[in-house]
Amino acid sequence: DAKTTQPNSMESNEEEPVHLPCNHSTISGTDYIHWYRQLPSQGPEYVIHGLTSNVNNRMASLAIAEDRKSSTLILHRATLRDAAVYYCIPNTGFQKLVFGTGTRLLVSP
Amino acid sequence: DTEVTQTPKHLVMGMTNKKSLKCEQHMGHRAMYWYKQKAKKPPELMFVYSYEKLSINESVPSRFSPECPNSSLLNLHLHALQPEDSALYLCASSQAGFGVDEKLFFGSGTQLSVL
C-alpha cells in the first residue's frame, strides 16, 4: 500500500482559504488520490478524488503535483463546519481503502 | 438516497453477551465494508463483501462474524467480546469495490462499549 504523510494538525480562520498537503511519494501510476473528511461524531465522508489533473467540485479543489508524489486539498473559504480530520488516501482499487493518520483542521471564528 | 444507515447508534454489552450490528443501504451498491475506529485513531478495515460474498477479512478475530444476507444489508455479529473491542464500528458501501475512482459512503457508526 502507498504510504501517505500529512501534518497532524492545521489551523485556519473562518472564511480564509486552507491548503491541506499530502505526500504520497510511493503511489503507483494508476492509483487515484482520494480525500475524505470526518466531522466529529460522524463517519468519514467523501470530499474529492483525482488522478493527474487538478479537480474541482462544490466542496473543494484538489491540486496534484506533476510527478504525483504529492497533492493539496484546497478549501476556498473555510467555515466552522469544515473543522474535521482530513484523510488523503491512494486508492488501489482492490477494495482496500486504507486510512492514514490524517490532518485535524481547526477553524476559528 | 445516498444514506448508509447503521443501528443501533450506541450499544453496551457484557463480555458474555451476543449482539448484532446492522447496516443498510439502498443505493444499489454491491460492495459493503466494516471498519473499526478507536478513539483518536483512523478507521481500520475489518471486512469487505462484494456481491454478497466475503472478499476480504483483515485477520479479524472470530468473535466478530460478518454476514451479508442480501445486497442491501450487512450485519456484524458479536460474541464474547473483550473490553479492548470497545470502539466505533463503521459501515460503508460502494458501487462494486473494484474501481480506483469509486467513492465510499459511510454510515455514522455504532459506538460499542464492552464491559
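Residues numbered from 1 in each chain as written. Chains lettered and ligands numbered in written order. Predicted model: local features only at pLDDT ≥ 70, side-chain atom pairs only at ≥ 80, totals over all residues. Heavy atoms only, no water.

Got a sec to walk through the nonpolar core? Specific residues and values, please.
Counting residues in hydrophobic clusters, the biggest one holds 23 residues, and the most contacted among them are B:Trp34, B:Phe64, B:Leu76 and B:Leu78. If you list the elements that add at least two residues to this core, you get strand 2 (10-13), strand 3 (18-25), strand 4 (31-37), strand 5 (44-50), strand 7 (64-70), strand 8 (73-79), strand 9 (87-94) and strand 11 (110-114) of chain B. Judged by nonpolar contacts, the second largest core, of 20 residues, contains A:Leu20, A:Ile33, A:Ile64 and A:Val107. (Core = buried A, V, L, I, M, F, W, Y, C linked by side-chain atoms within 4.5 Å. Buried < 20%, exposed > 50% of the residue type's maximum accessible area, 1.4 Å probe, protein only. Helix = DSSP H or I, 4+ residues; strand = E, 2+ residues; numbered from the N terminus.)

Residue-level account of the sheet that holds strand 8 of chain B, with values.
Within a sheet, each strand pairs with its neighbour through backbone hydrogen bonds, oriented either parallel or antiparallel. All names here are of chain B. The four strands are arranged 1-3-8-7 in an open sheet whose pairing can be described as antiparallel. Edge positions in the sheet fall to strand 1 (4-7) and strand 7, since each has one partner strand and no second. Between one strand axis and the next, the sheet turns through 20° on average, direction left out of account. (Pairing = 2+ DSSP bridges. Axes fitted to C-alpha atoms, helices over the stretch in contact; angles between N-to-C directions.)

Account for the layout of surface pockets, with residues named and values stated.
Here the largest pocket defines a volume of roughly 700 Å³. Lining the largest pocket are 31 residues, and of these A:Gln38, A:Ser41, A:Arg104, B:Gln37 and B:Lys40 sit closest to its centre. Listed by contribution, the elements that provide at least two residues to the lining of the largest pocket are strand 8 (84-91) and strand 9 (103-108) of chain A together with strand 9 and strand 11 of chain B. Looking at which element gives the most residues to the lining of the largest pocket, the answer is strand 9 of chain A, with four residues. Grouping the amino acids of the lining of the largest pocket by side-chain chemistry returns 12 nonpolar, 14 polar and five charged. Taken as a whole, the second largest pocket encloses approximately 530 Å³ of empty space. Looking at the second largest pocket, it is lined by 22 residues, and the ones nearest its centre are A:Pro44, A:Glu45, B:Thr2, B:Phe105 and B:Phe106. A breakdown of the residues in the lining of the second largest pocket according to their chemical character gives nine nonpolar, eight polar and five charged. (1 Å grid on protein atoms, 1.4 Å probe; cavity = no way out; pocket = protein on both sides within 12 Å on 5 of 7 lines; lining within 4 Å. Points joined across faces, edges and corners; volume = space filled by probe spheres on them. Nonpolar A, V, L, I, M, F, W, Y, C, P; charged D, E, K, R; others polar.)

Give me the state of the cysteines: which residues, what numbers.
This structure, assessed with the given rule, holds two disulfides over all chains. The residue that forms a disulfide with A:Cys22 is A:Cys88, at a sulfur-sulfur distance of 2.1 Å. Disulfide A:Cys22-A:Cys88: torsion about the S-S bond near -75°, hence left-handed. With a gap of 66 residues between them, A:Cys22 in strand 2 (residues 18-23) and A:Cys88 in strand 8 connect regions that are remote in the sequence. Classification of A:Cys22 by relative accessible area gives buried; the value is 3%. Residue B:Cys23 pairs covalently with B:Cys91 via a disulfide, S to S 1.9 Å. Handedness of the B:Cys23-B:Cys91 disulfide follows from its S-S torsion of about -70°: it is left-handed. Residue B:Cys23 is located in strand 3, and its partner B:Cys91 is located in strand 9; the two are separated by 68 residues in the primary sequence. The class for B:Cys91 is buried, based on a relative accessible area of 0%. With no disulfide of its own, B:Cys68 lies closest to B:Cys91 among cysteine sulfurs, the gap being 9.2 Å. (Disulfide = S-S within 2.5 Å.)

Describe the pattern of salt bridges, listing the residues and the values that go with them.
Enumeration according to the criterion identifies eight salt bridges over all chains in this entry. With its nearest N and O atoms 3.1 Å apart, the salt bridge here joins A:Arg77 to A:Glu15. Linking A:Arg77 in the loop between strand 7 (70-75) and strand 8 with A:Glu15 in the loop between strand 1 (9-13) and strand 2, this pair joins segments that are 62 residues apart in sequence. A salt bridge links B:Glu58 to A:Lys96; the nearest nitrogen and oxygen atoms lie 3.4 Å apart. (Salt bridge = Lys/Arg side-chain N within 4 Å of Asp/Glu carboxyl O.)

Just give me the short version of the sheet that holds strand 3 (residues 32-38) of chain A, but keep the residues and values in it.
Residue and element names in this part refer to chain A. Within the open sheet, the five strands sit side by side as 1-9-8-3-4. Their pairing is mixed. On the outer flanks of this sheet lie strand 1 and strand 4 (45-50), each paired with one strand and no other. Taking each pair of neighbouring strands and ignoring which way they run, the sheet shows an average axis angle of 25°. Where strand 1 lies against strand 9, five bridges are found, and the strand directions are parallel. Paired with Glu-11 across the strands is Leu-106, a residue of strand 9.

Kindly report on the packing of aromatic side chains, identifying the contributing residues and their values.
Residue and element names in this part refer to chain A. Taken as a whole and judged by the stated rule, the model has eight aromatic pairs over all chains. Relative to Tyr-46, the ring of Tyr-36 has its centre 5.8 Å away and its plane inclined at 75°; by these criteria the two rings are edge-to-face. Note that Tyr-36 is positioned in strand 3 and Tyr-46 in strand 4, a separation of 10 residues in sequence. In this structure, Tyr-36 and Tyr-46 share a single accessibility class: buried. (Phe/Tyr/Trp six-rings, centres within 6.5 Å; stacked < 30°, edge-to-face > 60°.)

Purely geometric numbers; function is a separate question.
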